[in-house]
Amino acid sequence: MKVLVTGAAGFIGSNLVHFLAQERPDWQITALDLLTYAGNLKNLSSVLDSKRVSFVKLDIADDKAMRRLFEEGKFDLVFHLAAESHVDRSIMSSFEFVRTNVLGTQVLLDAARAHGVGRFVHISTDEVYGSLGPTGAFVETTPLDPTSPYAASKAASDLMVLAACKTHNFNASVTRCTNNYGPFHFPEKLIPLFITNAMEGKKLPLYGDGMNVRSWLYVTDHCDALLRVAEKGTAGEVYNIGGSEDAELPNREVTFAILDMLGKSRDLIQPVGDRPAHDRRYAIDHSKITRDLGWTPRTPFKVGLEQTVTWYLENRSWWEEIKSGAYLSYYEKNYANRG
Ligand code: NAD
Ligand code: TDX
C-alpha cells in the first residue's frame, strides 16, 4: 500500500505518520510538507530512519509539482492534513489560508483524481459548524457557519472534496474533529502555549472571560479514527470525531489543570482582550463514527493532559528552539494590543 500524508511535519500529521508506521508496518509512507513556520522535520526524525517512510518538501498549491509527485508516487491512499491552522493568524492575514487550504486542496484533488488514487481522507475541523450555545452538539448535517477566515477556508475545502465525490465519483471522506492535544503541538495553540509559558514562568494570556468551551481530543485517538475512516469509511460521507466525555471544558478549567500539574501559581493567568468573533462553544456528537466504524475516544482528559505535560517537560529543547526568532515577532503582534 502506497500512502501519502500531507502536512506530515506538523502536529497531527507527524503523529499520524508515527501511528501508521506502527500500526501498518507494511505500508510505504510518503510524508509531504512545505515546512512552513509550523512544520518541523524533527517531528519525524525517529521514523525517517526507516526505509518505509520518506520525506518530500513540496507545496500542495504547486500544480505541476503535485502532478509529478502523483505520477511517480502511484499512491493508493492520501491523508490530507496540510493547512494553515491557527485562527489568530488567519485574523491577522487570510491570504495563505485561502492559498493553502482552498487552492491547495483543489490542486491535490485534481492530481489525485488524474492519477487514479483509490481513497482520499480530508482532515477538517468542527470549526466549520461555527459556534454552539450552552447545550447541544454538532452532527454531520449541522449547517456550515464558519466565523473565522481559517474556518471559512476549511469549510470551502470540505465542499470542494464533497463536490469531487458527487461530480466525479471520487472516493473521498471528510473528517471533522474537535481540538486536538498531545506531543509535537506547536506552542501557539492554547495547551502547548500555556504549558510552555508556565514552565518559563511567563504569563498565560487567557482570552475574554475564559469561559469559552472546547472539547479536547488526544491526538493518538484522532489518528486511530483517521485510519478507520481510510479503511472502512464510505465515499462522500462526513465523520465527526470528538473527545472523551470528561474533555469538554471551559478554557479556565484547562488552564487550572495545567498549572496544577506543573505546581505553578494561578497568579500566572493574565486575562486579556478577546479574540474577535470568538466561538463560544464547540461540542461534537461522534455517534456516527462509533456506530459505523466502531471508534470511540479512549484517552480521558486527565490522562492525556498528564502525558502531554510530561512530553513538554522532557522535550524542552524542541519547544525552546521554536519559541525564538519569527515566533517572538508573531507573539508580540498577536498579544500586544489585547490589554
Ligand atoms: P499544523 O499547523 O501543526 O500543521 C500543518 C502542516 O501543514 C505544517 O507542517 C505546515 O508546514 C504544512 N503546510 C502548510 N502549508 C502547506 C503547503 N502549502 N504545502 C504543504 N504543506 C503545508 O496543523 P495541525 O494542528 O497538525 O492540523 C492538521 C490538520 O488538521 C489541518 O488541516 C487542520 O485544519 C486540521 N485540524 C486540526 C485541529 C487541531 O486541533 N490541531 C483540529 C481540527 C482539525
Ligand atoms: O493565547 C490564547 N488564549 C486563549 O484564551 C490562545 C492561543 C487561545 N485561547 C483560547 C481560544 C480558544 O477558545 O483557547 C481556545 C483554544 O484556542 P486555540 O488553541 O487557538 O484553538 P481553536 O481556536 O479552538 O482552534 C483549534 O481547534 C480546531 C485549532 O487551532 C484548529 O486548527 C482546529 O481546527
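Residues numbered from 1 in each chain as written. Chains lettered and ligands numbered in written order. Predicted model: local features only at pLDDT ≥ 70, side-chain atom pairs only at ≥ 80, totals over all residues. Heavy atoms only, no water.

Peer 1: How would you explain helix 6 (residues 149-168) if you had to name every residue and give the values?
Peer 2: Two residues of an α-helix separated by three or four positions point the same way, owing to the 3.6 residues in each turn. Look at helix 6: 28 Å from first C-alpha to last across 20 residues, which is about the 28 Å you get at 1.5 Å a residue. Those residues of helix 6 lying buried are Tyr150, Ala151, Ser153, Lys154, Ala155, Ser157, Asp158, Val161, Leu162, Ala164 and Cys165. Taken together, the buried residues of helix 6 touch helix 4 (87-92), helix 5 (95-114), strand 5 (119-125), strand 6 (172-177) and strand 10 (238-241). Following helix 6 by one or two positions, asparagine 169 adopts a phi angle in the positive range, close to 55°. (Helix = DSSP H or I, 4+ residues; strand = E, 2+ residues; numbered from the N terminus. Expected span 1.5 Å × (residues − 1). Buried < 20%, exposed > 50% of the residue type's maximum accessible area, 1.4 Å probe, protein only. Contact = heavy atoms within 4.5 Å.)

Peer 1: How would you sum up the site of ligand 2? Please name residues and give values.
Peer 2: With respect to spatial proximity, 23 residues lie near ligand 2, and among them Glu127, Tyr150, Arg275, His278 and Tyr335 are the closest. The separation between an oxygen atom of ligand 2 and a polar side-chain atom of tyrosine 150 is 2.5 Å. In this structure, an oxygen atom belonging to ligand 2 sits 2.6 Å away from a side-chain N or O atom of arginine 275. In the complex, the protein chains occlude 94% of the 650 Å² of accessible area that ligand 2 would expose alone. Broken down by secondary-structure element, the contributors of at least two residues to the shell around ligand 2 are helix 4, helix 7 (190-200) and strand 8 (204-207). (Near = heavy atom within 4 Å. Polar contact = N/O pair within 3.5 Å; in protein donor to acceptor, adjacent residues only side chain to side chain. Areas by Shrake-Rupley, 256 points an atom, 1.4 Å probe, with all protein chains shown as cover.)

Peer 1: So what's going on with the site of ligand 1? Residues and values would help.
Peer 2: Around ligand 1, the surrounding shell holds 29 residues, and the nearest of these are Ile12, Asp33, Ser85, Tyr150 and Lys154. At 3.1 Å from a nitrogen atom of ligand 1 is found a main-chain nitrogen or oxygen belonging to leucine 34. When the free accessible area of ligand 1 is taken as 830 Å², the share hidden by the protein chains comes to 96%. With 3 residues, the top contributor of residues to the shell around ligand 1 is strand 5. A breakdown of the residues in the shell around ligand 1 according to their chemical character gives 15 nonpolar, 11 polar and 3 charged. (Nonpolar A, V, L, I, M, F, W, Y, C, P; charged D, E, K, R; others polar.)

Peer 1: Residues and numbers for the sheet that holds strand 7 (residues 179-181), please.
Peer 2: Spatially, the 3 strands line up as an open sheet ordered 7-9-11, and their pairing is mixed. Pairing within the sheet leaves two strands with one partner each, and these edge strands are strand 7 and strand 11 (248-250). Averaged over neighbouring strand pairs, the angle between their axes works out to 45° when direction is ignored. Note that strand 9 (residues 213-218) and strand 11 share 3 bridges and pair antiparallel. Each residue of the ladder has a partner; that of arginine 214, found in strand 11, is leucine 249. (Pairing = 2+ DSSP bridges. Axes fitted to C-alpha atoms, helices over the stretch in contact; angles between N-to-C directions.)

Peer 1: Which residues make up empty space enclosed by the protein, and what values do they have?
Peer 2: Scanning all chains against the criterion turns up 1 cavity of 30 Å³ or more. One number sums up the size of the largest cavity: a volume of about 40 Å³. As for the largest cavity, its lining consists of Val87, Glu127, Thr147, Ser148, Arg214, Arg275, Ala277, His278, Asp279 and Tyr282. Of the residues belonging to the lining of the largest cavity, the class tally is 3 nonpolar, 3 polar and 4 charged. (1 Å grid on protein atoms, 1.4 Å probe; cavity = no way out; pocket = protein on both sides within 12 Å on 5 of 7 lines; lining within 4 Å. Points joined across faces, edges and corners; volume = space filled by probe spheres on them.)

Peer 1: Describe the packing of aromatic side chains, listing the residues and the values that go with them.
Peer 2: Across all of its chains, the model carries 19 aromatic pairs by this definition. Ring centres 6.1 Å apart and planes at 70° place the aromatic pair phenylalanine 184 and tryptophan 318 in the edge-to-face group. You can see phenylalanine 184 sitting in the loop between strand 7 and helix 7 and its partner tryptophan 318 sitting in helix 12 (residues 316-322), a full 134 residues away along the chain. The pair phenylalanine 184 / tryptophan 318 is uniform in exposure class, with both members buried. Relative to tryptophan 318, the ring of tyrosine 312 has its centre 6.2 Å away and its plane inclined at 75°; by these criteria the two rings are edge-to-face. In this pair, the class of tyrosine 312 matches that of tryptophan 318, namely buried. A connected cluster of aromatic rings, assembled from ring pairs, spans Tyr37, Phe186, Tyr207, Tyr327, Tyr330, Tyr331 and Tyr335. Looking at lysine 288, its charged tip hangs above the ring of tyrosine 239, at a distance of 5.0 Å from the centre. (Phe/Tyr/Trp six-rings, centres within 6.5 Å; stacked < 30°, edge-to-face > 60°. Lys NZ or Arg CZ within 6 Å of the ring centre and 35° of its normal.)

Peer 1: So what's going on with the pattern of salt bridges? Residues and values would help.
Peer 2: Two side chains with opposite charge may pair up if their charged atoms get near one another. Across all of its chains, the model carries 19 salt bridges by this definition. With a shortest N-O distance of 2.7 Å, arginine 99 and aspartate 59 are connected by a salt bridge. Placement of arginine 99 in helix 5 and of aspartate 59 in the loop between strand 3 (53-57) and helix 3 (63-73) is noted, with a sequence separation of 40 residues between them. Residue class for arginine 99 comes out partly exposed when judged on its relative accessible area of 22%. (Salt bridge = Lys/Arg side-chain N within 4 Å of Asp/Glu carboxyl O.)

Peer 1: Requested: an account of unusual backbone geometry, with residues and values cited.
Peer 2: The backbone of leucine 35 shows a phi angle near 55°, a positive value even though the residue is not glycine. Here leucine 35 shows up in the loop between strand 2 (28-33) and helix 2 (45-48). Even without glycine at this site, phenylalanine 184 takes up a positive phi of about 65°.

Peer 1: Run through the packing of helix 7 against helix 9 (residues 251-262), naming residues and quoting values.
Peer 2: The geometry of helix 7 relative to helix 9 is characterised by a closest axis approach of 10 Å and an angle of 40° between their N-to-C directions. As the angle between them shows, helix 7 and helix 9 are arranged oblique. Crossing hand, helix 7 versus helix 9: right-handed. Facing helix 7, whose interface residues are Leu190, Ile191, Phe194, Ile195, Ala198 and Met199, helix 9 presents Asn251, Val254, Thr255, Ile258, Leu259 and Leu262. Among the residues making up the contact of helix 7 with helix 9, the classes are represented as 10 nonpolar, 2 polar and no charged. (Parallel < 35°, antiparallel > 145°, perpendicular 65-115°, else oblique. Left-handed = near helix turned anticlockwise from the far one by under 90°.)

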